[in-house]
Amino acid sequence: MKITTLKPRIVTDGLLFPEGPVALPDGSVLVVEIRGGRLVRVTMDGRREVVAELGGGPNGAAMGPDGFCYVCNNGGFNWITAPDGHVRPHGRATGYAGGGIQRVDLATGKVQMLYTHCGAEALKGPNDIVFDGRGGFYFTDHGKTYDRLMDRGAVYYAAVDGSAIHEVVFPMLTPNGVGLSPDGAILYVSETETGRLWSFAVTAPGEVVKQPWPSPNGG
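Computed from a predicted model, the values in this text were never measured in an experiment.

Conventions and cut-offs
- Residues numbered from 1 in each chain as written.
- Predicted model: local features only at pLDDT ≥ 70, side-chain atom pairs only at ≥ 80, totals over all residues.
- Heavy atoms only, no water.
- Pairing = 2+ DSSP bridges.
- Helix = DSSP H or I, 4+ residues; strand = E, 2+ residues; numbered from the N terminus.
- Axes fitted to C-alpha atoms, helices over the stretch in contact; angles between N-to-C directions.
- Polar contact = N/O pair within 3.5 Å; in protein donor to acceptor, adjacent residues only side chain to side chain.
- Contact = heavy atoms within 4.5 Å.
- Salt bridge = Lys/Arg side-chain N within 4 Å of Asp/Glu carboxyl O.
- Buried < 20%, exposed > 50% of the residue type's maximum accessible area, 1.4 Å probe, protein only.
- 1 Å grid on protein atoms, 1.4 Å probe; cavity = no way out; pocket = protein on both sides within 12 Å on 5 of 7 lines; lining within 4 Å.
- Points joined across faces, edges and corners; volume = space filled by probe spheres on them.
- Nonpolar A, V, L, I, M, F, W, Y, C, P; charged D, E, K, R; others polar.
- Core = buried A, V, L, I, M, F, W, Y, C linked by side-chain atoms within 4.5 Å.

A. Seen up close, the sheet that holds strand β17 (residues 153-158). Strand order across the open sheet formed by 4 strands is β13-β14-β17-β18, with antiparallel pairing between neighbours. Because the sheet does not close on itself, it has two edges, and the strands there are β13 (126-131) and β18 (165-172). Adjacent strand axes in the sheet meet at a mean angle of 20°, parallel and antiparallel pairs treated alike. As paired elements, strand β14 (residues 137-141) and β17 share 5 bridges and run antiparallel to each other. In the strand pairing of β17, Tyr-138 is matched with Tyr-157.

See below:
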């Protein structure tokens, strides 16, 4: 069997802390800029187009079944420049007012804030998102670190029309990436601080089996 080695190439650079790449049918790629607070489209020849100004800290993105782009906005960070010139996020942005889930119309750039709370609980720092085969989506809330305090994170499930949201998993320590198995039967969630990948058996949309103690979160 012949193995083909692809040589990587830079398509574009100069993005302000890009995350959440989404490949589109025309070959272009959507990315959010956490530091820039934008949703950007990058074409195959490296051209960049600002699709929408999102504010805060757009962190993860995915295309919904309705053709809109859904963005996890963590509310923003402050930024530190290291002596070597690298810039990294830190704490909560000055003027931080919470996180949320945004829906973006790619044709017009219109941005709608779908969720800022789950019941009485404010979203702290939504991070990553995945849609299931039923049209709903799971997303992680990474929380925020500030002063000597750290929010405990969670996983939520929500409807695309802004009508329903509920907590699926709590507590988690800095939950980050989230994904589903190809058959949708297993939910996977990574934790940054612990370096762990958790799995949860899905029994219904937004419902998972919880394992007993000593699992800290049922995974």
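B. Representation of the side chain of Asn-73 in the model. The residue Asn-73 is located in strand β6 (residues 69-73) in this model. From its side chain, Asn-73 meets the backbone nitrogen of Gly-75 in a polar contact 3.0 Å long. The residues touching Asn-73, leaving out its near neighbours within four places in the chain, are Leu-54, Gly-55, Gly-56, Gly-57, Pro-58, Gly-99, Gly-100, Gln-102 and Pro-126.

C. View of the pattern of salt bridges. Considering all chains together, one arrives at 5 salt bridges under this definition. Notably, a salt bridge pairs Glu-49 with Arg-41, separated by 3.4 Å at the nearest N-O pair. For Glu-49, a relative accessible area of 42% gives the class partly exposed. Note on Arg-41: relative accessible area 15%, which makes it buried. Here Glu-121 ties to Lys-124 by a salt bridge, and the two come within 2.5 Å at their closest N and O atoms. Classification of Glu-121 by relative accessible area gives partly exposed; the value is 40%.

D. Up close: the sheet that holds strand β19 (residues 175-180). One open sheet accounts for 4 strands, arranged β19-β20-β21-β22; its pairing is antiparallel. The open sheet terminates on both sides in strands that have one partner only, identified here as β19 and β22 (207-208). Strand direction decides the pairing type here: strand β21 (residues 196-204) and β22, joined by 2 bridges, are antiparallel. Each residue of the ladder has a partner; that of Val-202, found in β22, is Val-208.

E. Spatial organisation of the layout of surface pockets. In this structure, the largest pocket occupies an estimated 470 Å³ of space. Surrounding the largest pocket, 21 residues form its lining, Phe-77, Pro-89, His-142, Thr-145 and Thr-192 being those nearest its centre. In terms of residues, the lining of the largest pocket owes the most to one element, strand β8 (residues 87-90), which gives 3 residues. Residues that form the lining of the largest pocket fall into these classes: 5 nonpolar, 12 polar and 4 charged. Approximately 160 Å³ is the volume attributed to the second largest pocket. The wall of the second largest pocket is formed by Asp-132, Gly-133, Arg-134, Tyr-138, Leu-180, Gly-184, Ala-185, Val-202, Thr-203, Ala-204 and Pro-205. No other element matches β21, which puts 3 residues into the lining of the second largest pocket. Taken together, the residues of the lining of the second largest pocket break down into 6 nonpolar, 3 polar and 2 charged.

F. Spatial organisation of the nonpolar core. Ranked by internal contacts, the top residues of the largest apolar core, which has 17 residues, are Tyr-115, Ile-129, Phe-137 and Phe-139. At the level of secondary structure, the elements contributing two or more residues to this core comprise β6, β10 (111-115), β13, β14 and β17. At 3 residues, β17 tops the list of elements feeding residues into this core. Every residue in contact with Ile-129, bar those within four places of it in the chain, is listed here: Gly-60, Ala-61, Ala-62, Tyr-70, Cys-72, Phe-137, Tyr-138, Phe-139 and Val-178.

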